[in-house]
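Here's the letter readout for the chains.
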Amino acid sequence: MTSTPSTTHPFRVTDLGTLVVMPWSGEAPDGSDMPYLLAYSLGDTEDGPEGTAAAVRRLLADNGMPVGGDVVDGTERPSLPFTLLVESGAAVLNMPSLNAQCLPPPEWLAAVEQRGYAYLVFTARAWPEAVPGRAVTPEALAEFAGAEETLTAAAHIVLPARRLRG
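A. View of the pairing of strand 7 (residues 117–123). Of all seven residues that make up strand 7, six are buried, and the element is covered over most of its length. For strand 2 (residues 33–41) and strand 7, the ladder comprises four bridges, and the chain directions are parallel. Across the sheet, A39 pairs through a bridge with F122, a residue of strand 7. When strand 7 meets strand 8 (residues 154–162), the two strands line up antiparallel, connected through seven bridges. By the bridge assignment for strand 8, T123 is matched with A154.

B. Region of interest: the environment of G26. By secondary structure assignment, the location of G26 is in strand 1 (residues 19–27). Sequence spacing of G26 and V72 is 46 residues, and the spatial spacing of their C-alpha atoms is 20 Å. Once residues lying within four places of it in the same chain are set aside, the contact partners of G26 are S32, D33, M34 and Y36.

C. Geometry of the pairing of strand 4 (residues 83–87). Here five bridges tie strand 4 to strand 5 (residues 90–95), and the two strands are oriented antiparallel to one another. Paired with L84 across the two strands is L93, which belongs to strand 5. The turn joining strand 4 and strand 5, which pair antiparallel and follow one another in sequence, is formed by two residues; a positive phi near 55° is taken by S88. In this sheet, strand 8 lies alongside strand 4 in parallel orientation, the contact comprising two bridges. Following the sheet pairing, L85 is matched in strand 8 by R162.

D. Structural view of helix 3 (residues 138–145). Residues of helix 3 that are buried include every one of L141, F144 and A145, and no others. The buried residues of helix 3 occupy one face: seen down the axis, they fall within an arc of 85°. Seen from the open side of helix 3, the exposed residues pointing more than 90 degrees away from its buried face are E139, A142 and E143. Elements in contact with the buried residues of helix 3: strand 1, strand 2, strand 7 and helix 4 (148–152).

E. Local environment of the pattern of salt bridges. On inspection of all chains with the given rule, the structure shows five salt bridges. Notably, a salt bridge pairs D30 with R115, separated by 2.9 Å at the nearest N-O pair. Taken as a pair, D30 in the loop between strand 1 and strand 2 and R115 in helix 2 (residues 106–115) lie far apart in primary sequence, 85 residues in all. Overall, R115 belongs to the buried group, its relative accessible area being 17%. A salt bridge links D62 to R58, with the nearest nitrogen and oxygen atoms 3.4 Å apart. Here D62 and its partner R58 are both found in helix 1 (residues 48–62), four residues apart, which amounts to about one turn of the helix. Classification of R58 as partly exposed rests on a relative accessible area of 31%.

So, how was this worked out
- Residue positions are given per chain, counted from 1 along the sequence in the order it is written.
- Thresholds applied to this predicted model are a pLDDT of at least 70 for local features of residues and 80 or more for the giving and counting of side-chain atom pairs; totals over whole chains, interfaces and linings are not thresholded and use all residues.
- Each side-chain value is derived from all of the structure's non-hydrogen atoms; neither hydrogens nor water enter the calculation.
- Under the scheme applied here, a residue whose accessible area is under 20% of the maximum for its type counts as buried, over 50% as exposed, and between as partly exposed, the area being computed with a 1.4 Å probe on protein chains only.
- Each helix corresponds to a stretch of at least 4 residues labelled H or I by DSSP, and each strand to a stretch of at least 2 residues labelled E; elements are numbered beginning at the N terminus.
- In this analysis, strands are considered paired if DSSP registers two or more bridges between them.
- Contact definition: two residues touch when any of their heavy atoms are within 4.5 Å.
- Throughout, the arc means that of the directions going from the helix axis to the C-beta atoms.
- Just to be clear on terms, a salt bridge is a Lys or Arg side-chain nitrogen sitting within 4 Å of an Asp or Glu carboxyl oxygen.

Right, dumping it as structure tokens:
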């Protein structure tokens, strides 16, 4: 009997390509604003969008974040490997081996202050058109973030907003 050895490659942050975190807020079913974070890759590695999708899925799976599954409620899991720091008008998403920072608009900051958490959609679907520094229209954001392909390729995580203690 012959078997093929399975090789596992170490996770490399560079396999994610350019990782972008985009904040926005929108009305939730309870009538108040919900602060959202959309994390995605530009798909800009040698292996392209397929390679970055595999790397994002691996990062999520290695850290117990189900893709396309149930919402992970970080308010009930204090040892969650993903955290959100909101300080001095910035939001910092901390993940194993990396972090990403963004400057949310005032309405996002107000929503996260009111709720105490943000809803992270971390998708394996690449969005090469949404590069940092280039404006994304609300319609383009809604089309990408609301697409079934984006949502089913994503981990959905409620992240408590932490602050520096001083």
